[in-house]
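Descriptive structure summary
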Amino acid sequence: MEFTGISRTFSTVGEQQYQTIGAFWDEMSDKYGMENLRGLGHNWTDTTIEYAIGLKEGVTDGANCCVELPDNDWVTVHGRTSELSRIYDDIYRDGALKYEIETFDDDGSCVIMYLR
């Protein structure tokens, strides 16, 4: 599976990535519509995450990253965007991730796929 999108690096100190990545989602949603997008978290360090947003189908204008992802062994979690912090607390309880793919709907639901 290939993920192509616009990538930025965000700080994870004090869980500020939820606010800054949320603003990135708002920016991209204004242009493409939230339900047309998916986000990819990857390349974590102790204090940062690389996060890309791309279209579910097609390629965004200004795409600056392309990541080849495994096709198999993804774990999928369905939840509410308002509970994202708790969802990730549960996910990370079992250790660090290699990749995460997020989708969000206007009704407040989300789907998180992750791979260790």
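Per chain, residue numbering runs from 1 following the sequence as it is written. It should be noted that, the model being predicted, local features are given only for residues of pLDDT at least 70 and side-chain atom pairs only at 80 or more, the latter also being counted only at that level, while totals for whole chains, interfaces and linings use all residues. Hydrogens and water molecules were not included; the side-chain quantities draw on all heavy atoms of the structure.

The helix and strand labels rest on DSSP assignments: H or I over at least four residues marks a helix, E over at least two residues marks a strand, and numbering proceeds from the N terminus. Relative to the helices and strands, serine 7 is located in strand β1 (residues 2–11). A simple rule labels every residue: compare its accessible area, found with a 1.4 Å probe on the protein chains alone, to the largest value its type can have, and call it buried under 20%, exposed over 50%, or partly exposed in between. Note on serine 7: relative accessible area 16%, which makes it buried. Ignoring sequence-local partners within four residues, the contact set of serine 7 consists of His42, Glu50, Tyr51, Ala52, Asn64 and Cys65. Residue contacts are counted whenever heavy atoms from the two residues lie within 4.5 Å of one another.

A word on the pairing of strand β7 (residues 109–115). Every regular strand shows the same layout, with side chains that alternate between the two sheet faces. Along β7, 5 of the 7 residues are buried, which leaves the element largely enclosed by surrounding structure. In the sheet, strand β5 (residues 75–80) pairs with β7 via 6 bridges, with the strands oriented antiparallel. Within the sheet, the bridge partner assigned to arginine 80 lies in β7 and is serine 109. Of the pairings in the sheet, the one linking strand β6 (residues 99–104) to β7 comprises 6 bridges and is antiparallel in character. For two strands to count as paired, DSSP must find a minimum of two bridges between them.

As a further point, take the packing of aromatic side chains. Here is the rule: rings of Phe, Tyr and Trp (six-membered ring for Trp) pair when centre to centre is within 6.5 Å. Planes less than 30 degrees apart are stacked, more than 60 are edge-to-face, and the remainder are tilted. Tallying each qualifying case throughout the model produces 4 aromatic pairs. Taken together, a centroid distance of 5.8 Å and an interplanar angle of 35° make the contact between phenylalanine 10 and phenylalanine 24 tilted. Separated by 14 residues along the polypeptide, phenylalanine 10 in strand β1 and phenylalanine 24 in helix α1 (residues 17–32) bring together distant segments of the chain. For phenylalanine 10, a relative accessible area of 10% corresponds to the buried category. For phenylalanine 24, a relative accessible area of 2% gives the class buried.

The terminal C-alpha atoms of α1 lie 21 Å apart, and with 16 residues this matches the ideal 22 Å at 1.5 Å per residue to within 8%. At its buried positions, α1 is contacted by β1, β2 (37–42), β3 (48–55) and β6. Glycine 33 occupies a position one or two residues after α1 and carries a positive phi of about 90°. Multiply 1.5 Å by the residue count of a helix minus one, and that product is the helix's expected span.

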